[in-house]
Amino acid sequence: MKHVLVARMPSEGARDVGGVLSSPYLLEYTYRRSVGPVVGRFLAALRDGRIEGARAPGGKVIVPPSEYDPETAAPLVEPVEVGPGGVVTTWAWVSSPRQGQPLDRPFAWALVKLDGADTAMLHAVDAGDVAAMKTGMRVVARFAEKREGSIRDLACFVPETGS
Amino acid sequence: MSDPVTRIKAKVRLEFTATAGRDMSRFLTSLLDARIVGRRCPSCLKVYVPPRGPCPTCGVFLGDDVELPHVGTVTTFCTVNVPFEGQVLKLPYVLAWVLLDGADLAFLHLIQGIEAADVRMGMRVRAVFAPKAERTPSLEAIRWFEPTSEPDAPYEAYSAFL
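Rules behind the numbers
- Residues numbered from 1 in each chain as written.
- Chains lettered and ligands numbered in written order.
- Predicted model: local features only at pLDDT ≥ 70, side-chain atom pairs only at ≥ 80, totals over all residues.
- Heavy atoms only, no water.
- Core = buried A, V, L, I, M, F, W, Y, C linked by side-chain atoms within 4.5 Å.
- Buried < 20%, exposed > 50% of the residue type's maximum accessible area, 1.4 Å probe, protein only.
- Helix = DSSP H or I, 4+ residues; strand = E, 2+ residues; numbered from the N terminus.
- Contact = heavy atoms within 4.5 Å.
- Patch = residues over 30% accessible without salt bridge, like charges linked within 9 Å, V, L, I, M, F, W, Y side chains within 5 Å.
- Areas by Shrake-Rupley, 256 points an atom, 1.4 Å probe, with all protein chains shown as cover.
- Salt bridge = Lys/Arg side-chain N within 4 Å of Asp/Glu carboxyl O.
- Pairing = 2+ DSSP bridges.
- Axes fitted to C-alpha atoms, helices over the stretch in contact; angles between N-to-C directions.
- Phe/Tyr/Trp six-rings, centres within 6.5 Å; stacked < 30°, edge-to-face > 60°.

A. View of the nonpolar core. Ranked by size, the top nonpolar core spans 32 residues in total, and within it L31, I36, L100, I111 and F145 of chain B carry the most contacts. Going through the elements one at a time, helix 1 (22-31), strand 5 (65-68), strand 7 (93-100), strand 8 (107-111), strand 9 (124-129) and strand 10 (142-147) of chain B are the ones with two or more residues in this core. Here this core gets five residues from one element, more than from any other, and that element is strand 7 of chain B. Aside from chain neighbours lying at most four places away, what touches I36 of chain B is F27, L31, V49, V66, E67, L68, P69, H70, L100, F129 and I142 of chain B. Counting residues in each nonpolar core, the second largest holds 26 residues, with F42, A44, A110 and M137 of chain A among its members.

B. Local environment of the environment of P92 of chain B. All names here are of chain B. Position of P92 relative to the elements: it lies in the loop between strand 6 (71-80) and strand 7. Sequence-wise, P92 and A117 are 25 residues apart; in three dimensions their C-alpha atoms are separated by 8.7 Å. Leaving out residues up to four positions away in the same chain, P92 has contacts with T79, V80, N81 and A116.

C. Up close: a nonpolar patch on the surface. On the surface, Y29 and Y31 of chain A together with V12 of chain B cluster together into a nonpolar patch covering about 300 Å² of accessible area. Mapped onto the secondary structure, Y31 of chain A falls in the loop between strand 2 (22-29) and strand 3 (32-34).

D. Looking closely at the pairing of strand 8 of chain B. Residue and element names in this part refer to chain B. In terms of burial, strand 8 is a largely internal element, four of the five residues being buried. Judged from the five bridges that link them, strand 7 and strand 8 form a sheet pairing that is antiparallel. Within strand 8, the position partnered with V94 by the bridge is I111. The turn linking strand 7 back onto strand 8 is made up of six residues, and G102 within it adopts a positive phi angle of 95 degrees.

E. Examining the sheet that holds strand 5 (residues 61-62) of chain A more closely. All names here are of chain A. With antiparallel pairing, the three strands of this open sheet are ordered in space as 5-4-6. Among the strands making up the open sheet, the edge pair consists of strand 5 and strand 6 (78-82). In terms of strand pairing, strand 4 (residues 51-55) meets strand 6 through five bridges, oriented antiparallel. In the strand pairing of strand 6, A54 is matched with P79. This element, helix 1 (residues 36-47), spans strand 4 and strand 6 of the sheet and lies at about 150 degrees to strand 4.

F. A look at the packing of aromatic side chains. Residue and element names in this part refer to chain A. A complete count under the given rule lists five aromatic pairs over all chains for this structure. Arranged with centres 5.7 Å apart and planes meeting at 10 degrees, the rings of Y29 and Y31 form a pair that is stacked. Between F107 and W109, the aromatic rings sit 5.1 Å apart at their centres with planes inclined by 80 degrees, giving edge-to-face as the arrangement. In this structure F107 comes out as buried when scored by relative accessible area, which is 0%. Look at W109 and you get partly exposed, because its relative accessible area is 29%.

Such coordinate-based values are descriptive only and should not be taken to indicate function.
This is the structure:
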C-alpha cells in the first residue's frame, strides 16, 4: 500500500473556519492468482486468438467455461471453439471510461452470445457512439496484438461490418 | 493447443481523495508544531483525540480544543511478526492503543525503543516527533511512542478504555 498526504490550500471562504486537509490515496494490492485447468485452457486459447467454451453433458455450450455444469454439477471437460462473431443480448453505455477499463473512449459493456454458445459473456463493445448500439446487433471479437494469456487478450468486440 | 495458463495478475487498485474534515484537520495541522490537540464534548465532557466531529455518545458537536501531553498509557497492543511489501520497520514490532493522559479515547501507533516481547499493558509511553522539517500533517509526524521510565499504570487506570 502506498499513500501520499498533501495539504490542499483552503479556498478564500473556507479560511475563516480553518483549513480542511485532503490528500490523494492509492490503495493497491498486486495479487496474482492461480486460475485452475478450465479457465487456464480458456485463457491459453485467447492467447492463440481463439475463444473456447465447454460442452455440458446436456449439450449446452458454456462460455466462458465454468469448471462444473451449473445444472448437473458434472465436470466440464469437452472444449468447444466458438465465435469469433456473436450477438449482443443486452448492454450498458459507458460515456466516461475510468482508468483500467478495456477502452479509453466511450464504449458499451455488453453480454455477447457467441456463435455456437448457449450462454453470453460480458465484454466491451467498441461501437464509437451509443447510437450504434442495439440489442440483437452482431459483433465480432477483436484480439490484442500482444497477448499474454489474459481476458485482455480479447481486446473488445466491434460491430460486424455489413450487418 | 499451447500450454494452459496457470496464473494471472489480478491487481486490485483504488485511487481516491480522503478529506480529513475540520476537526481532524486541526489535529493533523497541530502535529506540525508538535502539539496534540483534541476536543471536549460539551455534554459528557469526554476528550476525543483525534477529534471526529460530533460526540458518538451524545450526538452533539465537540466544543473547546484541549491540548494533551505527549505521555500516555498502552491499553492494549499487538505484535507484528508477518513481513509485507513496503514494510519499513524491523520485525517483530508492536502496534499499540495509546491513551494519552487526559484523553478519553485511545489511538493506534507504533511502539519503539523496547524489545517487542517486553511491551505490556499499562506501560507508560511518550510520543517521539519527527524533526520539524520532516513533519507532514499526518500521524507520521509522530514517529512512534517509546517507554518513559515511570512505573506501569495500574489496570484500573485504563480498564474503562479497553
